[in-house]
Amino acid sequence: MIRRLLLLASLGACTLTAQLSLFVVEGNSEGLVPGQYGFGTVSMGDVRDIAFRLRNTGAAATPLTVLSLAGTDFTFVNPPAVPQTVTARAAIDFTVRYAPTQPSSSANFSADGVSAIFSGRALSAATISLDDGSGTLRPLMADAVIDFGSTVRGSTVTRRIVLANPSTSEKFSIHNAVALGAAFHLKRDPLPFVLAPGASANMELDFTPKSNGPQNGTFEIEQRSFHLTGTGADPAAPIPSISLDIPKPLSSQQGKLTVHLGSVSQATTTGEVDIDIQSSTANASADRGILFLATGSRTVTFNLAQGDTVAHFGAEDSADFQTGTTAGDIVFTVKLGDWTVKSTLTIAPAVVGIDSSKAQRTSAGLDLRISGFDNTRTVSKITFTFFDPGGKALSPGAITVDSSAAFQQFFSSSDLGGLFALHAFIPVMGNPAQVDSMEVKIVNSAGAAQTGRLRFTP
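Computed from a prediction, not measured in an experiment: that's the story for all the values here. (Residues numbered from 1 in each chain as written. Predicted model: local features only at pLDDT ≥ 70, side-chain atom pairs only at ≥ 80, totals over all residues. Heavy atoms only, no water.)

Peer 1: How should I be thinking about the overall build of the chain in this particular structure?
Peer 2: A count of helical and extended segments in the chain gives two helices and 38 strands. Taken over the C-alpha atoms alone, the chain extends approximately 130 × 85 × 30 Å along its principal axes. Per-residue burial over the chain gives 40% buried out of 458 residues. Considering only residue pairs separated by 6 or more positions, the chain has 67% of its internal contacts joining residues 24 or more positions apart. Summing over all exposed atoms, the chain offers an accessible surface of approximately 23600 Å²; the carbon and sulfur share of this is 53%. Of the charged side chains in the chain, 32 are positive and 37 negative, and the gap between their average positions amounts to 5 Å. (Helix = DSSP H or I, 4+ residues; strand = E, 2+ residues; numbered from the N terminus. Buried < 20%, exposed > 50% of the residue type's maximum accessible area, 1.4 Å probe, protein only. Contact = heavy atoms within 4.5 Å. Areas by Shrake-Rupley, 256 points an atom, 1.4 Å probe, with all protein chains shown as cover. Lys, Arg positive; Asp, Glu negative; His and termini not counted. Charge placed at Lys NZ, Arg CZ, Asp CG, Glu CD.)

In structure tokens, the structure reads:
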């Protein structure tokens, strides 16, 4: 019984052994490397990077103390730290680069308990270098990206390509060199051409976007290809200016705003105009009456297309606005691209504006209703004068009421600017029919406004 138990314990321990295995990684899949792996044929001067994975296929952690490549032309791109512990079922990823310098190369890969032979063959070819606009050449490896950055639509950015023959005895013939993609164009000598030993040749890659947004293409030369990318961008918008068409720069008026362009637009874009009010009266309340009619707000957007000389507000070339009932500076701000342009319309303080009035006689007295606005918010006194049917002022003559407190209270809680509606009821001692008409004078900081003769209606 004891012997059987010891045997079972020994078998159980064997299942806990750790083991590292080498896999090659391709996308989301991996394949076991049986002991050797070929990198294929790579043009001289290019590189090929292959992703590998060391996986612990056992059920216990194992140490990684050795990771090496012995040979020529093979190097680690991102070697993992050694030593380290690889837990059960875990893996370590790394990349090996093959950069041939001779016709054929090999290297011995080894890790704890794992070994493999990497091999590759080189194809004699010209080296390819790129001048990205800085004047400095850098080697260009197959599948590399040549990025032209952001370029104004219709303009051209050029990158210089240099082919060089590093051989001292062998000449290279170039039979294929082409740029694919509508926005890309290759300027080169006629094909085929020959690179003598030690010689070089220049080519130019042009990027000329015809539309906005990302543009992609391919540059092919012999067996190698490179990714081309760039972004088309709108030209800068022209500097805008503002013109205001308003018959009188007063409160309670409407006008038109037009955005002119300093030059013909090459851009297709949008912008906006905002309205702000800088009141000449301290602590003036809000004024919802200052706005663009099309939006009912203090902001309106506009469009530009290629060839435009003015902005378009929908189907119109101007935007209607109203001045509200607040004295001060109405500031219009155009925002277009990098431009911010302002224009100011000054609304001067004015006497009270009377829009409508109604005087009515009742059996109990006289009823007066006046609608108007005070763009200074400073109404102080109201004077009432009553007249008999013959036009003579009735006793006791002009009656003045200090209404400043009532108006200040009203304006402080209103968001309608200087608009107000006055309702006054005047009791009459005696027969109201003896009062034929009245005049009203309203005083604010800008002066006095006088109504005409208001006849009382039944």
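Peer 1: Could you clarify how one ought to interpret the sheet that holds strand E7 (residues 74-76) in this entry?
Peer 2: Where strands meet in a sheet, backbone hydrogen bonds hold them as pairs that are either parallel or antiparallel. If you walk across this open sheet you meet the five strands as E2-E1-E4-E9-E7, and the pairing is antiparallel. Either end of the sheet is taken by a strand with one partner, and the two such strands are strand E2 (29-32) and E7. Across the sheet, the mean angle separating the axes of adjacent strands is 35 degrees when strand polarity is ignored. Two strands pair when backbone bridges link them, and strand E1 (residues 20-26) and strand E4 (residues 48-56) are joined in this way by five bridges, in the antiparallel orientation. (Pairing = 2+ DSSP bridges. Axes fitted to C-alpha atoms, helices over the stretch in contact; angles between N-to-C directions.)

Peer 1: What should I look at first to understand the nonpolar core in this one?
Peer 2: Here is a general trend for soluble globular proteins: nonpolar side chains tend to be buried in one another's company. Residues Leu22, Phe39, Phe52, Leu54, Phe109 and Phe118 are the most contacted members of the largest nonpolar core, which totals 27 residues. Contributions of two or more residues to this core are made by E1, strand E3 (36-43), E4, strand E6 (67-71), strand E9 (91-98), strand E10 (104-111) and strand E11 (114-123). Non-local contacts of Leu54, meaning those with residues more than four positions away in its chain, are made with Ser21, Leu22, Leu64, Leu67, Ala90, Ala91, Ile92, Phe94, Phe109, Ala111 and Val114. Counting 26 residues, the second-largest nonpolar core is a separate cluster that includes Leu130, Ile146, Leu186 and Phe226. (Core = buried A, V, L, I, M, F, W, Y, C linked by side-chain atoms within 4.5 Å.)

Peer 1: For this particular structure, what's the right way to read the packing of aromatic side chains?
Peer 2: What describes a pair of aromatic rings is the distance from one ring centre to the other and the angle between the planes of the rings. In total, this model carries 24 aromatic pairs according to the counting rule given. Aromatic side chains Phe76 and Phe94 sit 5.7 Å apart centroid to centroid with 70 degrees between the ring planes, which places their arrangement in the edge-to-face category. Here Phe76 is found in strand E7, whereas its partner Phe94 is found in strand E9, with 18 residues between them in sequence. Judged by its relative accessible area of 1%, Phe94 falls in the buried class. An aromatic cluster of three or more residues is present, and its members are Tyr37, Phe39, Phe52, Phe74, Phe76, Phe94, Tyr98, Phe109 and Phe118. The ring of Phe387 is capped by Arg453, whose NZ or CZ atom sits 3.6 Å from the centre of that ring. (Phe/Tyr/Trp six-rings, centres within 6.5 Å; stacked < 30°, edge-to-face > 60°. Lys NZ or Arg CZ within 6 Å of the ring centre and 35° of its normal.)

Peer 1: What is the right way to look at unusual backbone geometry in this model?
Peer 2: If a residue is not glycine, its phi is most likely negative; likewise, a peptide bond is most likely trans. In the segment running from Val82 into Pro83, the intervening peptide bond is cis, with an omega of 5 degrees. For Pro83, the location among the structural elements is in the loop between E7 and strand E8 (84-86). Cis peptide bonds are those with omega within 30 degrees of zero, and the linkage from Leu191 to Pro192 qualifies with -10 degrees. Note on placement: Pro192 falls in the loop between strand E18 (184-187) and strand E19 (193-195). For Asp73, which is not glycine, the phi dihedral falls at a positive 75 degrees. Turning to its location among the elements, Asp73 is positioned in the loop between E6 and E7.

Peer 1: Would you mind showing me how to read the sheet that holds strand E13 (residues 137-139) here?
Peer 2: Read from one edge to the other, the open sheet built from five strands follows the order E13-E12-E15-E20-E18, with strand pairing classed as antiparallel. Bordering the open sheet on either side are E13 and E18, each of which pairs with just one other strand. Neighbour-to-neighbour, the strand axes of the sheet open up by a mean angle of 30 degrees, direction not taken into account. Relative to strand E20 (residues 200-207), E18 runs antiparallel, the two being bridged by four bridges. Following the sheet pairing, Phe184 is matched in E20 by Phe207.

Peer 1: Can you walk me through the side chain of Thr258 in this structure?
Peer 2: On the secondary structure map, Thr258 appears in strand E24 (residues 254-261). Dropping the residues within four chain positions of it, Thr258 is found in contact with Ser241, Ile242, Ser243, Val310, Asp317 and Ser318.

Peer 1: Which parts of the structure should I look at to understand the side chain of Asp46?
Peer 2: Structurally, Asp46 is set in the loop between E3 and E4. Not counting the four nearest positions on each side in its chain, Asp46 is found in contact with Tyr98, Ala99, Pro100, Leu140, Met141, Ala142 and Arg224.

Peer 1: Before we go on, may I ask you to explain the pattern of salt bridges in this structure?
Peer 2: For side chains bearing opposite charge, pairing can occur when the charged atoms are close. Counted according to the given criterion, the structure contains 16 salt bridges. Between Asp367 and Arg369 there is a salt bridge, with its nearest N and O atoms 3.3 Å apart. The buried category is assigned to Asp367, whose relative accessible area is 11%. Relative accessible area serves as the criterion here: at 44%, Arg369 is assigned to the partly exposed category. Residues Arg453 and Glu439 are paired through a salt bridge, measuring 3.0 Å at the closest nitrogen-oxygen approach. (Salt bridge = Lys/Arg side-chain N within 4 Å of Asp/Glu carboxyl O.)

Peer 1: What exactly am I supposed to notice about the confidence of the model for the chain here?
Peer 2: The predicted coordinates should not be examined in detail at positions where pLDDT is low. Mean pLDDT over the chain: 92, with 96% of residues reaching 70 or higher. Every residue in residues 1-16 is under pLDDT 50, and counting partners more than four places away or in other chains gives three contacts. (pLDDT = per-residue confidence, 0-100.)

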